[in-house]
Amino acid sequence: MTSAPPASPHFVIVGGGTAGWMSACLLARQLGPACRYTLVESSDIGIIGVGEGSTPYLRDFFRQLGLEERDWMPACHATYKAGIRFPGWSTHPGYESYVHPFFNEADRPLGQAFIQQANQRRCGEDVDANPADFFLAAELARQRRAPHYVHPAQHPATDYAYHFDSGLLGSFLKRHAQEQLGLQHCVDTVAAVERHAESGDITALRLQSSGQRLEGDFFIDCSGFRGLLINETLGEPFIPWGDRLFNDRAIAIPTPLEPDRDIASETTSTALGHGWAWQIPLTHRHGNGYVYSSQFISDDAAEAALRAHLGPAAEGASARRLKMRVGRVARHWRHNCVAIGLSQGFIEPLEATALMLIQFSVQHLIEALQTGGDDPATLRERYNAEINRMFDGVCDYVQTHYLLNTREDTEYWRANRAMKPGSDRLAELLASWDAGADFDAALGRHEAALMYQRPSWYCLLAGMGRFPANAPGHRAAPSQAMALSGLQARAALMDQARKHFLPHREALRRLATSA
Ligand SMILES: Cc1cc2nc3c(=O)[nH]c(=O)nc-3n(C[C@H](O)[C@H](O)[C@H](O)COP(=O)(O)OP(=O)(O)OC[C@H]3O[C@@H](n4cnc5c(N)ncnc54)[C@H](O)[C@@H]3O)c2cc1C
């Protein structure tokens, strides 16, 4: 976009994966019928077809579309997600299964006690500081309850996320975009891309089967890892992050739910020999997969390891093998084209952040287009800096899981621990934590750059049991007598969970019958 965008542009979205449909829905909903929207997807090039866990921000996405949970969750076999459990990443006694809960208003008193005790423990005091004992969401997940008050109006706000069948979510959004938002849909493969001779802007796409020339004013590249427009056409370099995130492969194998147990309300991400295995509970099956590094294990050995981990449930189930391009482009917005989804970058799915980054990328684009004002180059520069900040912030947090691991069983885990932090910011945070310095002050210094806020950092560092012995404290530690034991904290949470939250399957049944 060398010149200012037209007032009512024609948006052409390339790609019908989750990124394409999420982008189409948000653009059409927020910019309205003054603009035109066309989505092109190829029937010859498939979608990635995984990506079944979200962060709490997905709730805003559906709110923005004016959709209630009952409108979409049953259609996508969706379940509630209270957080993520990470068994096997740390070997510190008492910290073998770290929990990253989603936070609730009701967490305030116990959450503050947890942070205070984590700081005491950093300074050598023998107090309980495992987030699994102090956060409501962790208890709800333990009891397999939906993280959703039975009577929400009578309680403070809760935060939670979802699990869903990614193919069904794509189909749902496709229907919604076509039926409710008036989007035009075209099934064909883009064979060539035309650009303006002087400005370099993209002017049209040539479609393979129909031979059609599809003109547009603004192009959204949702073509997946290939980056058809951003990389192949505009030549934007991709910055690989293999130096900080080793995993570049995944294998997915679905398994049935356990019939005699309630449905779990958390993602489980279990460390295996050369990566980690996810388990995502849906209403009709489990999604499972192994995310690993091809430097350390072959695809066949990884599949065998995943099958061994899943046991008899995986017998006869077919496996899908996937390659992952981990890193990001240097600039997401070039000329009149913005890359969104796997084309712009991907951080391995440990914290299930990809859809969140898609959502933020589209939202920021809409705001930039609506605000306008500045010259196009400034608009693009600001946008690119902001999206890079988000990717880099997520990368810091995800890499920290690997840096903190204490496993000794394979070279993979030792090499992960020996990696250099991907940013000076992360190096400083870890140094501050280990030194027993004022960690809140360190977080405060980097607040503008961080994607995860204070409780998440404390949960990760304390939850993995990162408490260096004899660390000098930055202030006198409070008396041990004031400390709350994990058992005391949990007793209060257990009671709340039983009183105010439904068993997960029952909550989902009620939702489905209200649809
Ligand atoms: C192992 C794994 C696990 C993941 N887990 C999670 C998770 O838990 N949570 C999460 O948020 N995310 C997760 N993700 C990421 C998530 O799957 C993706 O971000 C999401 O599916 C979006 O993909 P996409 O739409 O960008 O690309 P794709 O799904 O690959 O879609 C690409 C589209 O582009 C089209 N296309 C390509 N070339 C052309 C052409 N020449 N002409 C026309 N059309 C074309 C294709 O037809 C297709 O429709 C995971 C990813 C992986 C690899």
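Rules and cut-offs
Residues numbered from 1 in each chain as written. Predicted model: local features only at pLDDT ≥ 70, side-chain atom pairs only at ≥ 80, totals over all residues. Heavy atoms only, no water. Near = heavy atom within 4 Å. Polar contact = N/O pair within 3.5 Å; in protein donor to acceptor, adjacent residues only side chain to side chain. Areas by Shrake-Rupley, 256 points an atom, 1.4 Å probe, with all protein chains shown as cover. Helix = DSSP H or I, 4+ residues; strand = E, 2+ residues; numbered from the N terminus. Nonpolar A, V, L, I, M, F, W, Y, C, P; charged D, E, K, R; others polar. Pairing = 2+ DSSP bridges. Axes fitted to C-alpha atoms, helices over the stretch in contact; angles between N-to-C directions. Salt bridge = Lys/Arg side-chain N within 4 Å of Asp/Glu carboxyl O. Buried < 20%, exposed > 50% of the residue type's maximum accessible area, 1.4 Å probe, protein only. Arc of directions from axis to C-beta. Contact = heavy atoms within 4.5 Å. Domains from an automatic or database assignment. Buried area = accessible area lost by both parts, 1.4 Å probe. UniProt positions renumbered as here; feature names shortened; annotations may be inferred. Expected span 1.5 Å × (residues − 1).

Structural notes on the site of the ligand
Taken together, 34 residues surround the ligand, and among them Gly16, Ile45, Val50, Gly53 and Val190 come closest. The contact in question runs from an oxygen atom of the ligand to an N or O atom on the backbone of Ala19, over 3.0 Å. Here an oxygen atom of the ligand and a backbone polar atom of Leu355 are 2.9 Å apart. If the ligand stood free it would expose 1000 Å²; the protein chains cover 97% of that surface. Elements that contribute at least two residues to the shell around the ligand include exactly α1 (18–31) and α9 (354–371). In terms of residue count, α9 provides more of the shell around the ligand than any other element does, three residues in total. Grouping the amino acids of the shell around the ligand by side-chain chemistry returns 18 nonpolar, twelve polar and four charged.

Points about the sheet that holds strand β16 (residues 275–281)
Whenever strands of a sheet pair, they do so through backbone hydrogen bonds, lying parallel or antiparallel. With mixed pairing, seven strands are arranged side by side in an open sheet as β5-β4-β15-β16-β17-β14-β18. Here the strands that pair on one side only, and so sit at the sheet edges, are β5 (97–101) and β18 (320–323). Geometrically, the sheet is characterised by an average inter-axis angle of 20° between neighbouring strands, direction not taken into account. Taken together, the four bridges between strand β14 (residues 249–252) and β18 define a ladder with antiparallel strand orientation. From the neighbouring strand, Ile251 faces β18, where its bridge partner is Arg321.

Regarding the pattern of salt bridges
Following the criterion strictly, the structure yields 37 salt bridges and no others. The residue Arg144 makes a salt bridge to Glu258 at a minimum N-O spacing of 3.8 Å. Taken together, the residues span a long stretch of sequence, with Arg144 in the loop between α5 (136–142) and β6 (145–149) and Glu258 in the loop between β14 and β15 (267–272) at a distance of 114 residues. According to the relative accessible area criterion, Arg144 is buried, its value standing at 15%. Taking the relative accessible area as the measure of exposure, Glu258 reaches 31% and is therefore partly exposed. For Arg417, the salt bridge goes to Glu408, with nearest N and O atoms at 2.8 Å. A residue is classified by how much of its surface remains accessible, and Arg417, at 26% relative accessible area, is partly exposed.

Observations concerning helix α11 (residues 411–418)
Turning to α11, its buried residues number three or more, namely Tyr412, Trp413, Ala415 and Asn416. Along the long axis of α11, the arc covered by the buried residues comes to 160°, so they all point the same way. In this structure, the buried residues of α11 make contact with β15, β16 and α10 (376–404).

So, the environment of Met494
Looking at the secondary structure, you find Met494 in helix α15 (residues 486–500). For the pair Met494 and His163, spaced 331 residues apart in sequence, the C-alpha to C-alpha distance is 24 Å. Contacts of Met494, omitting those with residues within four sequence positions, involve Glu139 and Gln143.

Focus: the domain arrangement of the protein chain
Annotation of the protein chain at the domain level lists domain 1 (10–49 + 165–238 + 326–393) and domain 2 (249–323). Domain 1 and domain 2 are separated by 30 Å when their C-alpha centres are compared. Both sides together, the interface formed by domain 1 and domain 2 hides about 600 Å², and carbon and sulfur atoms give 55% of it. It is Ile48, Asp165 and Leu350 that lose the most area in domain 1 upon contact with domain 2, and together they represent 59% of the buried surface on that side. Note that Arg285 is salt-bridged to Asp165, the shortest N-O span being 3.2 Å. Taken together, the links from domain 1 to domain 2 amount to three residue pairs in polar contact (both at pLDDT 80 or more). The residue makeup of the side of domain 1 that touches domain 2, split by class, is five nonpolar, one polar and two charged.

What to know about the UniProt feature "binding site: FAD" (unreviewed entry) in the protein chain
When the UniProt feature table is mapped onto this chain, "binding site: FAD" (unreviewed entry) is found at Gly16, Gly17, Thr18, Ala19, Val190 and Leu342. With respect to the helices and strands, Thr18 occurs in helix α1. Not counting the four nearest positions on each side in its chain, Thr18 is found in contact with Leu169 and Leu355.

Let's talk about the UniProt feature "binding site: 7-chloro-L-tryptophan" (unreviewed entry) in the protein chain
When the UniProt feature table is mapped onto this chain, "binding site: 7-chloro-L-tryptophan" (unreviewed entry) is found at Lys81. Residue placement: Lys81 occurs in strand β3 (residues 79–81). Excluding its chain neighbours within four sequence positions, the residues that come into contact with Lys81 are Gly53, Ser54, Phe102, Pro147, Tyr160, Ala161, Tyr162, His163, Ser265, Thr267 and Ala352. There is a polar contact of 2.9 Å between the side chain of Lys81 and the backbone oxygen of Ser54.

Here's the deal with helix α8 (residues 299–310)
With twelve residues, α8 should reach 16 Å at 1.5 Å per residue; the first-to-last C-alpha distance of 16 Å fits that figure. When we look at burial in α8, the residues that qualify are Ala302, Glu303, Leu306 and Leu310. Summarising the axial view, the buried residues of α8 lie within an arc of 100°, below the 170-degree limit, and thus occupy one face. Counted as exposed and oriented over 90 degrees from the buried face of α8: Asp300 and Ala308. Contact partners of the buried residues in α8: β14, β16, β17 (286–292) and β18. Where α8 ends, the next residue or the one after it, Gly311, has phi of about 75°, a positive value.

So, the sheet that holds strand β9 (residues 190–195)
One open sheet holds the three strands; their spatial order is β9-β10-β11, and the pairing between them is antiparallel. With partners counted over all chains shown, the strands left at the sheet margins are β9 and β11 (213–215), one partner each. The sheet shows a mean angle of 25° between the axes of neighbouring strands, direction not considered. Bridge count between strand β10 (residues 202–207) and β11: three bridges; the pairing is antiparallel. Each residue of the ladder has a partner; that of Leu205, found in β11, is Leu214.

A look at the side chain of Asn130
In this structure, Asn130 sits in the loop between α4 (108–122) and α5. Accessibility expressed as a relative area gives 9% for Asn130, which makes it buried. Leave out the neighbours within four places in its chain, and Asn130 touches Gly94, Tyr95 and Phe114.

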